[in-house]
Protein chains: 4
Amino acid sequence: MLQTKIELRVRYAETDMMGIAYHGNYATWFEMARVHMMDEFGYPYREMERDGYRLPVLEIGVRFRRSVSFDDRVTVEALLRNKPALRIRIEYRLYLGETDVADGFTLHAFLNPDGRPVRPPARFVEGMDAMFGK
Amino acid sequence: MLQTKIELRVRYAETDMMGIAYHGNYATWFEMARVHMMDEFGYPYREMERDGYRLPVLEIGVRFRRSVSFDDRVTVEALLRNKPALRIRIEYRLYLGETDVADGFTLHAFLNPDGRPVRPPARFVEGMDAMFGK
Amino acid sequence: MLQTKIELRVRYAETDMMGIAYHGNYATWFEMARVHMMDEFGYPYREMERDGYRLPVLEIGVRFRRSVSFDDRVTVEALLRNKPALRIRIEYRLYLGETDVADGFTLHAFLNPDGRPVRPPARFVEGMDAMFGK
Amino acid sequence: MLQTKIELRVRYAETDMMGIAYHGNYATWFEMARVHMMDEFGYPYREMERDGYRLPVLEIGVRFRRSVSFDDRVTVEALLRNKPALRIRIEYRLYLGETDVADGFTLHAFLNPDGRPVRPPARFVEGMDAMFGK
């Protein structure tokens with residue numbers, strides 16, 4: 001299991017006229033948590049793209065339990081529960097202090113720059129083997 | 001059943017360095033389709049907010065089947081399949097010409113301006129009764 | 001002189017907790033007006049990119065005179081006053097009905113895909129010559 | 001003079017198909033630097049809004065010297081050069097390490113929640129007097 005977290009501060013630009021963070025921004029917050037997870041895993045997303053891989057989102061789901069607003073410090077936890085094969089499923093939980101505010105997931109596949117599905121890069125596979133066992 | 005559609009043109013601002021529309025923008029496209037659905041239903045979202053109601057998103061899900069890119073004309077269909085009670089579930093389908101590109105849903109509840117759950121406004125209920133039967 | 005206009009409808013996602021459209025979105029609205037101007041000029045931006053040219057923004061300026069909000073129909077006028085040489089300066093005016101709401105400009109240069117400044121494509125130059133005289 | 005800085009990491013969502021950060025996002029980065037400046041000044045923006053003041057942008061200008069891209073760590077410096085009277089002008093400089101990447105400014109006025117121009121709050125004026133002299 002790989003579990004990491006970041007803290008972000010809600011931007012004014014991210015609020016809407018309801019006075020809360022617009023729900024579409026959570027996709028970006030998930031992305032930030034995922035990018036940080038890859039840092040912690042030891043294969044930064046930027047390097048993986050340079051190596052010729054893309055990791056687009058195939059599916060996303062979010063449940064909003066409580067709104068957050070401007071200036072709130074939101075913790076975004078990313079969780080990789082199972083060793084990924086061709087697809088990667090990452091789960092997310094958002095907190096404000098001790099309070100749950102949202103949870104969700106994203107599902108990804110590896111593509112080459114032409115958009116064709118490919119096997120994950122060796123560096124990624126080896127790291128996952130080291131973490132989850134072969 | 002209430003079924004409406006809009007066409008949008010993908011903005012350059014909506015693309016990312018993968019060369020495709022960033023997945024987080026689909027939430028906004030769903031919003032545009034939903035706002036148009038409320039127009040067609042005869043109770044524009046803006047008026048409903050003026051009447052003191054909010055309709056925040058409780059849950060969202062999107063499946064991305066095929067990417068779209070800058071300048072693409074995307075059709076976004078919104079579908080209200082069942083008569084809503086306290087919660088409203090809307091489904092969406094995105095097309096590029098005849099090609100399916102994505103589908104998803106949002107779930108909403110009615111709140112008052114203080115953020116408390118309330119019954120839907122009478123104007124909304126009456127319109128739904130007229131459409132789906134009492 | 002080349003003068004074109006579009007109408008857009010302010011999205012909920014574009015509002016902020018002040019209850020108005022967030023100022024950063026005007027850059028995107030300028031982009032939409034500019035893309036439409038290129039359509040009217042006869043050399044769509046998408047085709048220019050396919051031909052190997054990029055037209056990044058070197059400078060932007062906006063004056064906000066009056067706020068706009070969700071659901072407002074905003075007219076965005078783009079104006080090319082002078083025949084461009086190596087740089088292109090486009091001016092913008094935003095209206096709500098007859099009321100001025102903002103104005104601004106962007107300055108652009110032609111780059112090749114490697115990011116180096118280049119002369120404008122022949123198709124662009126010929127079109128400009130036809131419009132403004134040689 | 002009040003001079004503060006933040007560091008931000010460019011999000012994937014902030015890039016466009018040119019492979020660089022979309023220029024419209026700089027307005028949001030300025031906002032983040034401005035919010036941090038108010039923290040350092042001792043009157044957080046959130047508190048000022050709670051006290052019944054709004055500080056909308058009247059004017060913005062940005063010059064883009066060099067692009068930045070995904071994962072870049074960008075320093076955003078905010079500078080208040082002169083003691084503000086009814087209007088506040090803040091300048092910004094963006095760096096990537098030692099390299100200048102952009103500069104700009106925003107101009108603001110104080111409004112009450114109804115959108116009418118008002119004098120700055122006493123707490124703001126006193127802080128500015130303490131900093132710049134009466």
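Check the entry above for the structure.
All residue numbers refer to position in the chain's written sequence, counted from 1. Written order determines the labels here, with chains lettered from A and ligands numbered from 1. Reporting of local features is limited, given that this is a predicted model, to residues whose pLDDT is at least 70; pairs of side-chain atoms are given and counted only at 80 or more, and all residues count toward the totals for whole chains, interfaces and linings.

Engineer: Got a sec to walk through the overall build of chain A? Specific residues and values, please.
Structural biologist: Helix numbering and strand numbering both begin at the N terminus, where a helix is a DSSP run of H or I of at least 4 residues and a strand a DSSP run of E of at least 2. If you tally the helices and strands in chain A, you get three helices and five strands. Reading the helices (α) and strands (β) of chain A from amino to carboxyl end gives β-α-α-β-β-β-β-α. Computation of the radius of gyration draws on C-alpha atoms alone. For the globule rule, the value is 2.2 Å times the number of residues to the power 0.38. What you see for chain A is a C-alpha radius of gyration of 16 Å, in line with the 14 Å of a compact globule of 134 residues. Projected onto its principal axes, the C-alpha coordinates of chain A cover approximately 45 × 30 × 20 Å. Scored against the burial criterion, the 134 residues of chain A give a buried share of 35%. Contacts here follow a simple rule: the backbone-placed C-beta atoms of the two residues must lie within 7 Å. Long-range pairs, those at least 24 residues apart, make up 67% of the contacts in chain A with a sequence separation of at least 6. Burial is judged by counting the other C-beta atoms within 10 Å of a residue's own C-beta: 20 or more makes it buried, 12 or fewer makes it exposed, and any count in between marks it as partly exposed, with every C-beta position built from the backbone.

Engineer: Residues and numbers for the relation of the copies chain C and chain A, please.
Structural biologist: For the least-squares superposition of copies, only C-alpha atoms count, and only for residues with pLDDT at least 70 in both. When chain C is fitted to chain A, the residual RMSD is 0.0 Å, and the transformation amounts to a turn of 180 degrees plus an axial shift of 0.0 Å. When the rotation and shift are considered jointly, the pair of chain copies conforms to a two-fold rotation axis. Within chain C, the C-alpha atom positioned nearest to the axis of rotation is that of Asp 16 of chain C, 1.9 Å from it.

Engineer: Talk me through the sheet that holds strand S1 (residues 2-9) of chain A; I want residue IDs and the actual numbers.
Structural biologist: Strand pairing requires that DSSP identify at least two bridges connecting the strands. With antiparallel pairing, the ten strands of this open sheet are ordered in space as S1(A)-S3(A)-S4(A)-S5(A)-S2(A)-S2(B)-S5(B)-S4(B)-S3(B)-S1(B). Sheet topology places S1 of chain A together with strand S1 (2-9) of chain B at the edges, where each strand pairs with a single neighbour. Within the sheet, the average angular offset between the axes of one strand and its neighbour, ignoring direction, is 15 degrees. Two elements, strand S4 (residues 87-96) of chain B and strand S5 (residues 99-109) of chain B, share ten bridges in a ladder whose sense is antiparallel. The residue of S5 of chain B that forms the bridge with Tyr 92 of chain B is Gly 104 of chain B. Helix axes use the C-alpha atoms of the stretch in contact, all axes being lines fitted to C-alpha atoms, and the angles between their N-to-C directions lie in the range 0 to 180 degrees. Where helix H1 (residues 25-41) of chain B meets the sheet, its contacts fall on S1, strand S2 (57-64), strand S3 (73-80), S4 and S5 of chain B, and the angle it forms with S1 of chain B comes to roughly 130 degrees.

Engineer: Quick one: what's the story with the interface of chain B and chain A, residue by residue and with numbers?
Structural biologist: Many descriptions give the size of an interface as the accessible area lost when the pieces come together. Taken residue by residue, the interface counts 15 residues in chain B and 15 residues in chain A. Broken down by secondary-structure element, the contributors of at least two residues to the side of chain B that touches chain A are H1 and S2 of chain B. Among the elements that line the side of chain B that touches chain A, the one with the most residues is S2 of chain B, at eight residues. Classification convention: Asp, Glu, Lys, Arg as charged; Ala, Val, Leu, Ile, Met, Phe, Trp, Tyr, Cys, Pro as nonpolar; all other residues, Gly among them, as polar. For the side of chain B that touches chain A, the per-class residue count stands at eight nonpolar, four polar and three charged. The pairing of strand S2 (residues 57-64) of chain A with S2 of chain B spans five bridges and is antiparallel. By the bridge assignment for S2 of chain B, Glu 59 of chain A is matched with Arg 63 of chain B.

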